[in-house]
Amino acid sequence: MSSTAGLSVISSEDAMNQITAVSEVAVDSTNAVPDEQTPPLRLVAKDTMELRVSAITMASFSEFSTTQATTTSTSSTATPDLIPALTGKLLFCREEEETILFRAYRRVQQVGQSSSDSKINGEKKANNNSNSCTQLVMIHGRTGVGKTSLAFSLRETVLGDGGYFVSGKFDQYQGPKPQHNAFSTAFAQFCFQVLERGDAVKQNIRQRILDNVGSQGKVLTRVIPELVQILGDQEPEQDDTAEGDRALSSEASNMFKYLFRLFVQAISSPDRPIVLLLDDVHWADESSLDLLWSLVNDSPIKGVLFLCTLRDETDTLLIEKQLTCLSRSVECTKIHLDAFTDESVNKILSKMLNTPEDKTRELTTTVSQQTKGNIFFVIEFLRTLKEKQLLQYNKDTGQWWWDIEEISIEFDGVRDLLEQRLQYLSAETLELLKVAACLGSKVNEEPLGHFTKMPILRLLVEASDRGLLVFNHSSSSFEFSHDGIKDVVYNTISPSERDKFHYQLGRRLWKAYPAEDLFNNNIIYVIVGQLMLGKSQINDTREKSAVAKLCLQSGIRAMKQSSFSTAFTFLMQGIELLGLRGWHDEYDLCLGLHNFAAEVAYCTANFDAVFSLVNKVFENTKAFTDTLQAQATNVYALGGSGRMEEALESGLSVLKQLGVKFPEKLRLSDVGNGLRKTVKLLKGRSMESLLRLPSLNDSKTVAVMHMLNLLFVYAFFSKIELAPFLGFKMVEITVNNGICAVSCVGFGIYAMLLCGAGNDIDEAYRYGKLAMAMLDRSSSRAWLCRVSAAYYGCVYGWKRPVQECIEPLRNAFRIGIECGDIEFAMVNANIIFWNQLNYASLSELDQEIASVTDRMKFYGQETNLKVIIPYWQFLNNLMGKARDDPKLLIGDVYDETTMDVDYIPTVSSWNYYHRMVLSYMVGDYDQAFTESQGCEVLISHPLGAVDTVSLIFFVAMTNLAKASRARKKTQKYIAKAVKYLKYISHVAKHCPLNFLGQQFLLEAELCVLRGDHFSVLAKYTSAVAVLREAGMLMPTALANERAGRYFLSVGNKEIGHPFLMEAVRLYTEWGSLLKLNCLVAEFGGMVDF
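The structure contained in this document is the topic of the report that follows. (Residues numbered from 1 in each chain as written. Predicted model: local features only at pLDDT ≥ 70, side-chain atom pairs only at ≥ 80, totals over all residues. Heavy atoms only, no water.)

Notes on the nonpolar core
Formally: Here, nonpolar core refers to any group of buried Ala, Val, Leu, Ile, Met, Phe, Trp, Tyr and Cys residues whose side-chain atoms link them within 4.5 Å. Three exposure classes are used, based on accessible area relative to the maximum for each residue type with a 1.4 Å probe and protein chains only: buried under 20%, partly exposed in between, and exposed over 50%. The helix and strand labels rest on DSSP assignments: H or I over at least four residues marks a helix, E over at least two residues marks a strand, and numbering proceeds from the N terminus.
Counting 316 residues, the largest nonpolar core has Phe-187 and Phe-260 as its most contacted members. A per-element tally of this core places helix α34 (residues 699-718) first, with 13 residues. Membership of the second largest hydrophobic core comes to 22 residues, among which are Leu-353, Leu-385, Leu-390 and Ile-407.

Written out as structure tokens, the structure is:
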């Protein structure tokens, strides 16, 4: 028998004409309706809403079910009721695999070990995999072995436990689409299940989601429209994309993933577990895998079982590798399904036919030979036997019968069987299925309705009765019952006609929808996807331009939905359609396609594509101003790929062409001149008058401002002498031209400079508040992270208690993640860590940093990692976790001998500070003094930050220790300490709570060195009192230690011992095992833990 026996393959044009011109004639009942005397192909369940007939095994059981019992009034014997025996046991001979899967599910219901809260983002870190309340299961095997059926065997149990079982499927034949479509489908089912459980459950879920995502619910409802039924209509998203700086929005993908994780955190828990089945993950796009990675790797998500099915026939090595690497945060289980053995096939046939196993062995031999034990093939083979009446049900005997000698069907795989079955369909139904196969596994009635004049439900039911479609109650739609069926249907379209078929399908849908409806339910993706699959048919120049415009609209739409890979595909297809003459014939359209494609390529870290696209813009644009968007994207891409010096050079070149120049050679000593000029510019201008400046509307000048803002980061790390002048220029442009969105950043930088180079704390505080007021004026949160880092990270603490800065910085961290400003979100986190050294316990800081550095790695924040990891190792050393020498930054977190941080000078300088403090803490004062020389460069840093005072304090303490041990030139060391003491005394006048304690401690040490024993006790006591009041844990411990040491050294144990014991208590509370071990080694039994 031919593989296409009786099945005609018609041209795409004829197919389209035929399917839309069908009359209202009823479908031929001999083809469309099963024989009345044969049990119909439907499965009767106790609760039809609990029925999910997406598994081939279930569909096969249904064919031999007992629904005929109600229609056999003329029969003396009803069909045996097989369903009770099958319900809850839909698979045979998979008991071991089902047990493994069931155990994985039970593990997500277990409560993991307690873990500490993260103060930065409220997250919890699982201690180990075995106690994780999240599990990952990968089920793989060849097509038709029952992977999906095995996964669905959990559904009844999950729902019975009050949990949620949801599923989404990745498709092969759909063209570009929103990458998160499988997740959207799955969580739409979640919404339906919530609504079914009543208003109380709905309100509870609603509140938990809103508590987690706040005002950002619109981001979720855009991807999961059904969520509106739970959350209600959401306020339009606040436009946090800053004018002129489109590349900032490129991190919207991170924002979406972050919010999606918060969403899943809110709806899941071990007592209401979620089983998320992602079917056919081998077809998943990179963006969907990335989202899956972020969900599985998010330790606060508890009570979720991720089920992934993969085909053996496809190249799944990379995907399996990606999924396996997720097991760091969750337990990963692999289940491989092989074809059934002859014995298993016999058990299946015996159950299905309600016939003893010894009676079915002969039939099993034939079936196994033909199907090789593939359950999908087994089912289709039996369907074929039944349709050819080689397997019949005898109502008189109540049994199935067959003649083995007459069963001589041979076939070449499942394709042959399915193609034979397609012959029984009406022509109209077959043509409708072809259209559906082009659109994916889910059969959406709404677009299909544009391809037939017949009642569409009648055609779909006909296909369902033949076992080709199943009805999904969760989504209230039909689906292909198996990918193999969809593939065979699609392959009935002649290969030579497929391009035309897709093209005509896309054109027909395009004409069917008004322009304003194209974005409803993302139908535009379907249209463009089909047109792209048939792009060889697009030859007319005007049509190419029209489709390219549609590609641009689709690309922008996909980009806003964080579907960057899809957006890139659409945009590149538009560029290809316009061809080489696009720049001549459709200049604006071509420019838009290239600009957005470059930005989307940056979002996916496809830097080669970015540079190729922006170079084409540079080569073909008519005016330099037309390149500005591409120029900004280019600078971002250079910086994002670690080429900060090139990014800075490129940005400076752009500024030069826009009329803004900087001297090629700048020195830190030049900062004073720049500062004086800016002070003069602002003289006589009140804060109110600056806030009332007009808005800056000139696009060229706005572009300058955004480029200056962008370059500041790269200058800060690679050319610090330039960074202040970028801030000065932003202030100058604002004063002379008006306020734009990033003016607030410019004044924030200026406030930092007043703290450092300007040494004018009062003015710095005023301009810092002005920067925050300008931010409020812009009504955009896009720059909150940057202004907060300047104001709360560098300025606020000079006037107000440092601890008051922590919550605003945490808020900036959260807002930065939401807005996509990941880089400065992490900067704010790092500032918190630095500021908390004196206040928080080391173990608490260690856990917080561990949580946030995981996120930095996830977002590729290499520069922020290079800044914080040496500090993290410093904390580990203090906790007694150094590898060998506690004075060196060598341990499990960081090894200063192998990690290169020289290209970030400030990091190298702070490493000197770390080693200085460690050396001082262990009593190696000579080494501490040596290290202090390397970090003194930070004291003259033009951008003043509060943590500089801690550095100055320890440099002064180290110099005093050096003076006490030096045999000559002691005055040199004392003079330097006195110099720094005067500075601390000056800043203490602005905020005594932050700095007065260090001042008193330095004065006490100076009294000891000068022999002023009369004043020592008062100074030490004052230092301890002020530091305790300020809540400074480490400095208070140090003050007690230094006082104890002094009084013990002069023989006054009565005063010295209580000081020393209080130091031990505070060091214990701080968590410094290094310091405690040193005290025990030095004082022995005098100290008591």
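Right, picking up where we left off after that structure.
Looking at the sheet that holds strand β9 (residues 469-472)
Strand pairs in the sheet, formed through backbone hydrogen bonds, run parallel or antiparallel to each other. Rules: Pairs of strands are assigned from DSSP output, requiring at least two bridges between the strands. By definition, residues are in contact when any of their heavy atoms lie within 4.5 Å. Lines fitted to C-alpha atoms define the axes here, with helix axes fitted over just the stretch in contact, and angles between the N-to-C directions of these axes take values from 0 to 180 degrees.
Across the sheet, three strands lie side by side as β8-β10-β9; this open sheet has antiparallel pairing. Both outer strands of the open sheet, β8 (442-443) and β9, are each paired with one neighbouring strand and no more. As paired strands, β9 and strand β10 (residues 477-480) are joined by four bridges and run antiparallel to one another. Counted as the bridge partner of Asn-472 is Ser-477 from β10. Seen against the sheet, helix α21 (residues 456-465) touches β8, β9 and β10 and runs at an angle of roughly 40° to β10.

What about the pattern of salt bridges?
Where we set the bar: Salt bridges are defined by distance alone: a side-chain nitrogen of Lys or Arg within 4 Å of a carboxyl oxygen of Asp or Glu.
Per the counting criterion, the structure on display carries 31 salt bridges. One salt bridge in this structure joins Glu-1003 and Lys-1019, with 2.8 Å as the shortest N-O distance. Taken together, the residues Glu-1003 in helix α47 (residues 992-1010) and Lys-1019 in helix α48 (residues 1013-1030) connect sequence positions 16 residues apart. By relative accessible area, Glu-1003 is classed as buried at 16%. Arg-1065 is the partner of Glu-1069 in a salt bridge, and the nearest nitrogen-oxygen pair spans 3.5 Å. Taken together, the residues span about one helical turn, with Glu-1069 and Arg-1065 both in helix α50 (residues 1053-1070) at a distance of four residues. Looking at Arg-1065, the relative accessible area reads 43%, which means it is partly exposed. Residues joined by salt bridges that share partners form a network here, namely Glu-1041, Arg-1045, Lys-1075 and Glu-1082.

Focus on the packing of helix α36 (residues 743-755) against helix α38 (residues 784-795)
Angle between the axes and distance between the axes are the two parameters that describe a pair of packed helices. Note the threshold: Small angles under 35 degrees read as roughly parallel and large ones over 145 as roughly antiparallel, with 65 to 115 read as roughly perpendicular and the rest as oblique. Each crossing is labelled by how the near helix is turned from the far one, with a counterclockwise turn of less than a right angle marking it left-handed and a clockwise turn marking it right-handed. In this classification, the charged set is Asp, Glu, Lys and Arg, the nonpolar set is Ala, Val, Leu, Ile, Met, Phe, Trp, Tyr, Cys and Pro, and all remaining amino acids, among them Gly, are polar.
Where α36 meets α38, the closest approach of the two axes is 8 Å, and the angle between their N-to-C directions is 20°. Relative to α38, the element α36 is oriented roughly parallel. Between α36 and α38 lies a crossing whose hand is left-handed. Here Cys-744, Val-745, Gly-748, Ala-751, Met-752 and Cys-755 of α36 lie close against α38, whose contacting residues are Arg-786, Val-787, Ala-790, Cys-794 and Val-795. Split by residue class, the contact of α36 with α38 holds nine nonpolar, one polar and one charged.

Examining the pairing of strand β7 (residues 399-402)
The alternating pattern of β7 places Trp-400 and Trp-402 on a buried face, while none of Gln-399 and Trp-401, on the opposite face, is buried. Connecting strand β6 (residues 391-394) to the antiparallel partner β7 that follows it, the hairpin turn spans four residues, and Gly-398 within it adopts a positive phi of roughly 70°.

Comments concerning the sheet that holds strand β3 (residues 274-279)
Strand order in this open sheet of five strands is β2-β3-β4-β1-β5, and the pairing throughout is parallel. If you trace the sheet from one side to the other, it starts and ends with β2 (164-169) and β5 (331-337), each paired once. The average angle at which neighbouring strand axes cross in this sheet is 15°, direction not considered. Relative to strand β4 (residues 304-311), strand β1 (residues 134-141) is paired through eight bridges, and the arrangement is parallel. By the bridge assignment, His-140 is partnered in β4 with Leu-310.

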